[in-house]
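# Chain and residue survey
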Amino acid sequence: MKTISRQDPYAALRYSDFRFYISNTFLFSATILIQEVIVAYELYKMTHDPLALGLIGLAEVIPFIITSLLGGYIADQKNKTTIMHISLVVILFGSVILYTAFQPVIYNALSQGQHLAAIYLVFALIGFAKGFYSPASSSLKPFLVPRTIYHNSSTWSSSFSQAGAITGPAAAGFLYAYMGLTHTLLIVIANFVVCWILLGLIKTRPEFPKIVTPLMESLKEGFRFVFKTRIVLYAISLDLFSVLFGGVVAILPVFAEDILKVGPEGLGLLRAAPSIGSLLTMFAMAYFPPTRNAWRNMLIAVAGFGMFTIVFALSTNFLLSCAALFATGVFDSVSVIVRQTILQIYPPDEMRGRVAAVNGMFVSSSNELGAFESGVMAKAFGTVPSVLAGGVFTLIVVGWIYARSKDLFAVRLS
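Residues numbered from 1 in each chain as written. Predicted model: local features only at pLDDT ≥ 70, side-chain atom pairs only at ≥ 80, totals over all residues. Heavy atoms only, no water.

Time to look at the overall build of the protein chain. Scanning the protein chain from N- to C-terminus turns up 15 helices and 0 strands. At 20 Å, the protein chain has a C-alpha radius of gyration in line with the 22 Å of a compact globule built from 414 residues. Dimensions of the protein chain, computed from the C-alpha atoms along their principal axes, are close to 55 × 40 × 40 Å. Counting the 414 residues in the protein chain, one finds 59% classified as buried. Here the contacts in the protein chain between residues at least 6 apart in sequence split such that 88% fall between residues at least 24 apart. Of the charged side chains in the protein chain, 28 are positive and 20 negative; the average position of the first set lies 9 Å away from that of the second. (Helix = DSSP H or I, 4+ residues; strand = E, 2+ residues; numbered from the N terminus. Rg over C-alpha atoms; globule rule 2.2 N^0.38 Å. Buried < 20%, exposed > 50% of the residue type's maximum accessible area, 1.4 Å probe, protein only. Contact = heavy atoms within 4.5 Å. Lys, Arg positive; Asp, Glu negative; His and termini not counted. Charge placed at Lys NZ, Arg CZ, Asp CG, Glu CD.)

Below you can see the structure in the form of structure tokens.
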């Protein structure tokens, strides 16, 4: 193993396997979001119903939750890159189905209800595959770099993920506007093939003794570890509730089409704004990591996320809305890096897949559950009141966790 200074801001990037990993992270993140944005926009044009957007998240999250614990269990025993390869093939198959479903011959032959059902089934298939992909990916990352630079690897992996989250939505809006839905779906399919190739270039193959504990007891071990390790539990809880109630991504097509009236190009910029804020902040944090006063920084970050969600809810100006979303990305990036560093440092090696699966159930799935919650709340109470309430609730959660976790202010992660 090569010797790298902990103070080197590019330490993790000096490992080739890690570079292939984050390249795949970037492309996978961008491609998933391109597909999500263009399909969501098409659905809203078809239905003009925010609940139709929320049901995309629900269709994806149910199979994700059902399979993610099993995915974590398998990730702790099997070759992690093989699991990711197989999962990518399933996701690729779903993208091919979407492309086929939007071909004119098929599209015109189906009723709107049948077409919606086919789309939701594809997102359910993608959620099923992500239930295996996500814990395998999360549990592979710590083995690609030395423990002493975990915080640096968290910064770079988050940065590349956010770069994908910028590129994906921004590209989606313009691709949809100038190339059309089906041609953009062809690009999605090609990108997933490249992701599959990048994973094959990773040579690290961590192996562990076979788990002899019965399946259900083994899965419970992951939950027990999370609930007895307070900093892990509270870090997951903060991200869970902020994304579940404070997220606005799923209903951005409503803002773009009906409130701000900026069309698909504006939607792409709105979707990209938080990720631009995240990416710029994460590059800065490669030099100034937020892990020295980790818990204080995380609480401030989630509170800032909630405050600027409220600003976005009240804005009727496109530039102010973009600025508010940019600020949510700035604050979100801090909490993401702190949480990812916690999840790399605290779990034992043989339990990383199961802990990643528990985290995925509560945090990763909260994006999709948040999408469903946003759609339901927007339909029931109106788009703006639902987003405003989410921001307020996020601040309440921060205050409650602050009161219960003051002892964690002494924690140092670097």
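A few words now on the environment of phenylalanine 192. For phenylalanine 192, the location among the structural elements is in helix α7 (residues 181–200). Given a relative accessible area of 1%, phenylalanine 192 falls into the buried group. Note: C-alpha distance between phenylalanine 192 and arginine 354 (162 residues apart in sequence) is 26 Å. With residues up to four places along the chain from it excluded, the contact list for phenylalanine 192 reads Phe28, Thr31, Ile32, Leu88, Ile91, Leu92 and Ser95.

Another aspect to go through is the side chain of serine 137. Within the element layout of this structure, serine 137 appears in helix α5 (residues 112–140). When residues no more than four places from it in sequence are discounted, the contact partners of serine 137 are Tyr21 and Met84.

Moving on, we get to the side chain of threonine 25. With respect to the element layout, threonine 25 can be found in helix α1 (residues 16–47). Judged by relative accessible area, which is 15%, threonine 25 ranks as buried.

Now for the nonpolar core. Counting residues in hydrophobic clusters, the biggest one holds 73 residues, and the most contacted among them are Phe18, Phe28, Leu43, Leu270 and Phe312. The element that contributes the greatest number of residues to this core is α1, accounting for 15 residues. Phenylalanine 28 has contacts with Leu88, Ile91, Tyr133, Phe192 and Cys195, leaving out every residue within four places of it along the chain. In terms of nonpolar packing, the next biggest core, distinct from the first, is built from 28 residues, Val226, Ile236, Leu343 and Ala357 among them. (Core = buried A, V, L, I, M, F, W, Y, C linked by side-chain atoms within 4.5 Å.)

All told, the structure shown has 2 salt bridges when counted by the stated rule. Residue lysine 130 pairs with glutamate 60 through a salt bridge whose shortest N-O separation is 2.7 Å. One end of the pair, lysine 130, is in helix α5; the other, glutamate 60, is in helix α2 (residues 50–75), and 70 residues separate them in sequence. Judged by its relative accessible area of 13%, lysine 130 falls in the buried class. (Salt bridge = Lys/Arg side-chain N within 4 Å of Asp/Glu carboxyl O.)

This paragraph deals with the packing of aromatic side chains. Overall, the coordinates contain 14 aromatic pairs when judged by the stated rule. With centroids separated by 6.3 Å and ring planes inclined at 25 degrees, the aromatic side chains of phenylalanine 102 and tyrosine 107 adopt a geometry described as stacked. Take phenylalanine 102: its relative accessible area is 7%, and that puts it in the buried class. (Phe/Tyr/Trp six-rings, centres within 6.5 Å; stacked < 30°, edge-to-face > 60°.)

On to the environment of valine 254. The residue valine 254 is located in helix α10 (residues 252–259) in this model. Through-space distance from the C-alpha of valine 254 to that of alanine 165 is 20 Å; in sequence the pair is 89 residues apart. With sequence-adjacent residues up to four places away left out, valine 254 is seen in contact with Tyr44, Pro50, Leu53, Ile259 and Thr383.

Moving on to the packing of α1 against helix α3 (residues 80–101). It is at 13 Å that the axes of α1 and α3 come closest, and there the two elements cross at 25 degrees. As summarised for this structure, α1 and α3 are arranged roughly parallel, according to the angle between their axes. As α1 packs across α3, the resulting crossing turns out to be left-handed. Across the interface between the two elements, Asn24, Phe28, Ile32, Gln35 and Val39 from α1 touch Met84, Leu88, Ile91, Ser95 and Leu98 from α3. Tallied by class, the residues present in the contact of α1 with α3 amount to 7 nonpolar, 3 polar and no charged. (Axes fitted to C-alpha atoms, helices over the stretch in contact; angles between N-to-C directions. Parallel < 35°, antiparallel > 145°, perpendicular 65-115°, else oblique. Left-handed = near helix turned anticlockwise from the far one by under 90°. Nonpolar A, V, L, I, M, F, W, Y, C, P; charged D, E, K, R; others polar.)

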